[in-house]
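A structural walkthrough
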Amino acid sequence: MDAEKDQPNLLITGATVVTLDVERNIISDGAIAIAGDRIAAVGLSDELRQRFPNAEILDARGKAVLPGFINSHTHAVLLVLRGTVEDMSGDAIFGYMTPISFAMNDDERRALARLACLEAIRCGTTTMVEPFRFITGYAAGMAETGMRLWLSENGADALTLKIRHGIYEYDRAFGEEFLDRVRAMVDQFHDTHDGRVKCQMAAHAPDVCSPWMLGELNDLARKHGLTRTIHLAQSPGEVKQVRAAHDRTSAEYLRDNDWLGPDVVAAHWTFCTDDDIDLLAEHGVHMAHCPANSSRRGPHLARVGRIQDAGVNIVLGTDNMTEDMFQALKIGSIIHRGRRGSEQEGGVNPGPQAVLDSATRNAAHALRAEADIGSLEAGKKADLMILDLNQPNLRPIINLVSNIVHYGSSSAVESVMVDGRFVMRDGKVLSMNEDEVIAEAQEATAAAWHRLKETSGDIDLPAGLQRERAQP
Ligand SMILES: [Zn+2]
């Protein structure tokens, strides 16, 4: 701490500091000293004020400071579908999500992705894990918002636009196009923006990746030393196709193609068998659990209690159509209670602390980034949110963690810092013009849906957009 640059420039004092450290310490009248992009110290306000008399003081009495949320699985661009597929039946993945992602242009993807970053910041999120497609066209637009990002191009070599017509056809040239985009992404974005932006290797899902594709992605992951991610057993259609093509479950198929390991985060696990769960646990695969999105058409079927009892590290994500991690915490705490395994924390499972861990420290572990993020501790990156506790929905406080998990909302998020920089302070987002972002996303959404309708005659425009066009 001798060097001038290591001297804290900011001291947040008087706060309730929810550290999420190994002992889950919560410090009353606590303080955090920030030096550049790092946390220099965490402790009692009096002590840190004496240690660092020259730092600017941010008086946070009546507020809580938490590590920023880590959204472990999201598709920012799919905000374009908000308010549509949630309320439909049928195959949303290949019926709408995939077709519209291909129909959009780079400007439209960028506009929606920036709206997602705006929503994420307002909800206290500091890290987004974004596997999608055409990522190089909008990654810079996300990075400019100041968010910490793990980006990936969701590789696939099945012709995904044919799947909604019941056809699985694997095509090497189609897969090569993905691989070109994967290489370009790693070249342009991996470990850039002072290390704030990193890349992962992503396979879209077992049904849309042949053994060749999985092998190519593995080679690239090894070459660049990247973690991996994939959707797993997310739909009956996927399970059926993998059985038909390979006579295996999705988890077995990944095992036989060297796609299981402690560097892999797999999303959903909805249709995993008991044997699958044991296999995934044995290989140290992490589960990206998206309870809110997975439950929009009825409670999520994944056997989360069984998965937890198998010792799997569970991390939380929002998946599609929202970036609201408070919603993931809330629904994640409720939806599998009563169907989960051994009882914990006063008779319920999961308890609020376990749910909050899934959005912070457990998520950092899954990204192999626990040395930098996931808790408020000296030496880690200064990624945090400041919550105003004088909000009616957070009072009275008996158990602050329970209040945050069950009743927290974006309205309490007052300030958000990523990498030592405020991206939102005192209720104002600093890293983008909110009005512009919202207007651009609205315009891009209408344009994308109309193009989708023109290019895919079998997909209907949502009624809201039809009315808008009829009444200019
Ligand atoms: Zn997903």
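Numbering of residues begins from 1 in every chain and follows the order in which that chain's sequence is written. Since the coordinates come from a predicted model, pLDDT governs what is reported: local features require at least 70, and pairs of side-chain atoms require 80 or more to be given and counted, while whole-chain, interface and lining totals use all residues.

**Overview of helix α9 (residues 274–282)**
Convention followed: Buried residues are those with 20 or more other C-beta atoms within 10 Å of their own C-beta, exposed residues have 12 or fewer, and partly exposed residues lie in between; C-beta atoms are placed from the backbone. Every helix listed is a DSSP run of H or I at least four residues long, and every strand listed is a run of E at least two residues long, numbered separately from the N terminus. Note that the arc is computed from the directions linking the helix axis to the C-beta atoms.
Residues of α9 that are buried include every one of D276, I277 and L280, and no others. Across the axial projection of α9, the buried residues extend over an arc of 100°, all falling on one side. Opposite the packed face of α9, turned more than 90 degrees from it, sit the exposed residues D274, D275 and E282.

**Quick word on unusual backbone geometry**
The amide bond that connects R395 to the next residue, P396, takes the cis arrangement and shows omega of -5°. One non-glycine residue, L20, lies in positive phi territory at about 60°. Tracing the backbone through its elements, the reader meets L20 in the loop between β1 (10–18) and β2 (26–35). Even without being glycine, F134 reaches a positive phi, approximately 60°. Topologically, F134 is positioned in the loop between β7 (125–132) and α4 (139–143).

**Here we look at the domain arrangement of the chain**
Heads up, the condition is: Where each domain starts and ends follows an automatic or database-derived domain assignment. Residue pairs qualify as contacts under a 7 Å threshold applied to their C-beta atoms, which are placed from the backbone. Here the term charged refers only to Asp, Glu, Lys and Arg, the term nonpolar to Ala, Val, Leu, Ile, Met, Phe, Trp, Tyr, Cys and Pro, and the term polar to all other amino acids, Gly among them.
Assigned domains within the chain: domain 1 (4–68 + 379–429) and domain 2 (69–366). Each of domain 1 and domain 2 has a C-alpha centre, and the two are 30 Å apart. Taken together, the contacts link 22 residues of domain 1 with 26 residues of domain 2. Listing elements by their share of the side of domain 1 that touches domain 2, those giving two or more residues are α15 (400–407), β16 (413–418) and β17 (421–425). If one sorts the elements of the side of domain 1 that touches domain 2 by residue count, α15 sits on top with five residues. Here the side of domain 1 that touches domain 2 is composed, by residue class, of 12 nonpolar, six polar and four charged.

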